[in-house]
Amino acid sequence: MSLTLGARLRSLVPQLSRSFQNPALARQVPSPRGNIATPEDFLKSIGRSAETKISFDTWSDLWKTNGLALRKAGVAVRDRRYILWAMERYRQQNEPSEYAHEAKPRKKIRGHGPAVQFGKRIRSRRHQ
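Rules used in this analysis
- Residues numbered from 1 in each chain as written.
- Predicted model: local features only at pLDDT ≥ 70, side-chain atom pairs only at ≥ 80, totals over all residues.
- Heavy atoms only, no water.
- Axes fitted to C-alpha atoms, helices over the stretch in contact; angles between N-to-C directions.
- Helix = DSSP H or I, 4+ residues; strand = E, 2+ residues; numbered from the N terminus.
- Parallel < 35°, antiparallel > 145°, perpendicular 65-115°, else oblique.
- Contact = heavy atoms within 4.5 Å.
- Nonpolar A, V, L, I, M, F, W, Y, C, P; charged D, E, K, R; others polar.
- Patch = residues over 30% accessible without salt bridge, like charges linked within 9 Å, V, L, I, M, F, W, Y side chains within 5 Å.
- Areas by Shrake-Rupley, 256 points an atom, 1.4 Å probe, with all protein chains shown as cover.
- Salt bridge = Lys/Arg side-chain N within 4 Å of Asp/Glu carboxyl O.
- Lys, Arg positive; Asp, Glu negative; His and termini not counted.
- Charge placed at Lys NZ, Arg CZ, Asp CG, Glu CD.
- Phe/Tyr/Trp six-rings, centres within 6.5 Å; stacked < 30°, edge-to-face > 60°.
- Buried < 20%, exposed > 50% of the residue type's maximum accessible area, 1.4 Å probe, protein only.
- Lys NZ or Arg CZ within 6 Å of the ring centre and 35° of its normal.

Take the packing of helix α3 (residues 39–46) against helix α7 (residues 77–91) next. Closest axis-to-axis distance for the α3/α7 pair is 11 Å, and the angle between their directions is 105°. Between α3 and α7, the angle is such that the two are roughly perpendicular. Residues Phe42, Leu43 and Ile46 of α3 pack against Tyr82, Ile83, Ala86, Met87 and Tyr90 of α7. Taken together, the residues of the contact of α3 with α7 break down into eight nonpolar, no polar and no charged.

Right, here's the structure in full:
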């Protein structure tokens, strides 16, 4: 019985060990370049008021963070995804002025499909 229990535990260890690793720690920390020298400068350059949603003390703290840390800090899902996406683009040597963009505006017309167009309800001719 103890042999089968040991085999079960060994089979679980590789599966559970991945959940304890932080992939952000394995990635390289890019050096500050251009007019971006601090984490606040980076967050201001990507826009969407990211500097008001979270703050970091050092440059390496910014680059060692992951989605879970942003979630614990209370950052909304869309903002988390945008910040992590912008960080990855900066790691790939792209300038924030090239890829930073504003959030998609909310829909003004509610409804799905052709039932509502230009703010007016469209009625089918077959129901008249």
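On we go.
Moving on: a positive patch on the surface. On the surface, a cluster of positive charge is made up of Arg78, Lys104, Arg106 and Lys107. Counting through the fold element by element, arginine 106 comes out in the loop between α8 (96–99) and β1 (116–117).

What follows deals with the packing of aromatic side chains. Taken as a whole and judged by the stated rule, the model has seven aromatic pairs. Seen from their ring centres, phenylalanine 42 and tyrosine 90 are 5.3 Å apart, and the 70° between their planes marks the pair as edge-to-face. Here tyrosine 90 lies in helix α7 and phenylalanine 42 lies in helix α3, a separation of 48 residues in the sequence. The class of phenylalanine 42 is buried, set by a relative accessible area of 0%. Relative accessible area serves as the criterion here: at 0%, tyrosine 90 is assigned to the buried category. Look at tryptophan 59 and tyrosine 90: their rings are 6.1 Å apart centre to centre, the planes differ by 70°, and that puts the pair in the edge-to-face class. Here tryptophan 59 is found in helix α5 (residues 59–63), whereas its partner tyrosine 90 is found in helix α7, with 31 residues between them in sequence. Aromatic ring contacts, followed pair by pair, group Phe42, Trp59, Trp63 and Tyr90 into a single cluster. Positioned above the aromatic ring of tyrosine 90 is the side chain of arginine 33, whose terminal nitrogen or guanidinium carbon lies 3.9 Å from the ring centre. Positioned above the aromatic ring of tyrosine 82 is the side chain of arginine 48, whose terminal nitrogen or guanidinium carbon lies 3.9 Å from the ring centre.

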